[in-house]
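An overview of the molecular structure
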Amino acid sequence: MKLPILAYGNPVLKSKCKEIDSDYKDLNNLINNMWETMYSASGVGLAAPQVGKSIRLFIVDASPFANDKELDLNERNKLKTFKKVFINPKITWSSANLCSFNEGCLSIPDVREDVMREDQIEIEYQNEKFENKILKLSGLSARVVQHEYDHIEGVLFTDKLSSFKKKLLSNKLRNISMGKVKCDYSMEFFK
């Protein structure tokens, strides 16, 4: 079932999320609904707070980037199969090297900006079977994971922009929060 995506301005998007355990009610159903929601909105990642659940869960499928000719072949090949569920994740290490990439967010439609992020990370998490995993990521897969990880920490990509950029976007962000935005997927606006 497709779920409405919370729009910029909803306080759930600015809250640090809580860990869950294997007893979390209807978790598999929620994960399946998140996949359906993400794919129908043409996203590459979706975090639980974006669908109104303040829990430490996000999904990523970076395979659409595998067709990006600007990326090197090795990177494109890695992205082809990068599809994962992250439960209770914790970034345990990040490189000092930063890189910039133009990011967007399903909760902030029609806004894209260059964001600086660490080029490499190591993340500990549990998969959908609550098996403990450790993953070292670099490049675009590291970026997608960091973007979604920020969501469960109550951080949006616009929070990482300079005050000048935020000022330039303020009217657009205000309009999104008031529901004055058109997109081809279902959104929920804070009242």
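To start, this report covers the structure provided alongside it. Every value quoted in this text rests on a predicted model; they were computed, and no experiment measured them. (Residues numbered from 1 in each chain as written. Predicted model: local features only at pLDDT ≥ 70, side-chain atom pairs only at ≥ 80, totals over all residues. Heavy atoms only, no water.)

1. Considerations on the state of the cysteines
Evaluation of the coordinates by the stated rule reveals zero disulfides. Just so you know, Cys17 is unpaired, no disulfide at all, and the nearest cysteine sulfur is the one on Cys105, 13 Å from it. Looking at the unpaired Cys99, the closest cysteine sulfur is the one in Cys105, lying at 18 Å. Cys99 gets classed as partly exposed once you look at its relative accessible area, which sits at 25%. (Disulfide = S-S within 2.5 Å. Buried < 20%, exposed > 50% of the residue type's maximum accessible area, 1.4 Å probe, protein only.)

2. Side note on the pattern of salt bridges
Counted under the stated rule, the structure contains ten salt bridges. With a closest N to O distance of 3.9 Å, Lys25 and Asp26 form a salt bridge. (Salt bridge = Lys/Arg side-chain N within 4 Å of Asp/Glu carboxyl O.)

3. Concerning the environment of Ser138
Following the sequence through the fold, Ser138 ends up in strand S8 (residues 132-138). Considered as a pair, Ser138 and Ser163 are 25 residues apart in the sequence and their alpha carbons are 28 Å apart. Every residue in contact with Ser138, bar those within four places of it in the chain, is listed here: Glu75, Lys78, Asp119 and Gln120. (Helix = DSSP H or I, 4+ residues; strand = E, 2+ residues; numbered from the N terminus. Contact = heavy atoms within 4.5 Å.)

4. Some words on helix H3 (residues 139-152)
Helix length check: H3 (14 residues) gives 21 Å between terminal C-alpha atoms against 20 Å at 1.5 Å per residue, within 8%. Of all the 14 residues making up H3, 13 are buried; the element is thus mostly covered by neighbouring parts of the structure. Phi turns positive one or two residues past the end of H3, at Gly154, with a value near 80°. (Expected span 1.5 Å × (residues − 1).)

5. Concerning the pairing of strand S6 (residues 108-118)
Bridge count for strand S5 (residues 98-105) against S6 is seven bridges, and the pairing is antiparallel. Residue pairing for S6: Ser100 is matched across the bridge by Met116. Between S5 and S6, which pair antiparallel in sequence order, lie two residues. (Pairing = 2+ DSSP bridges.)

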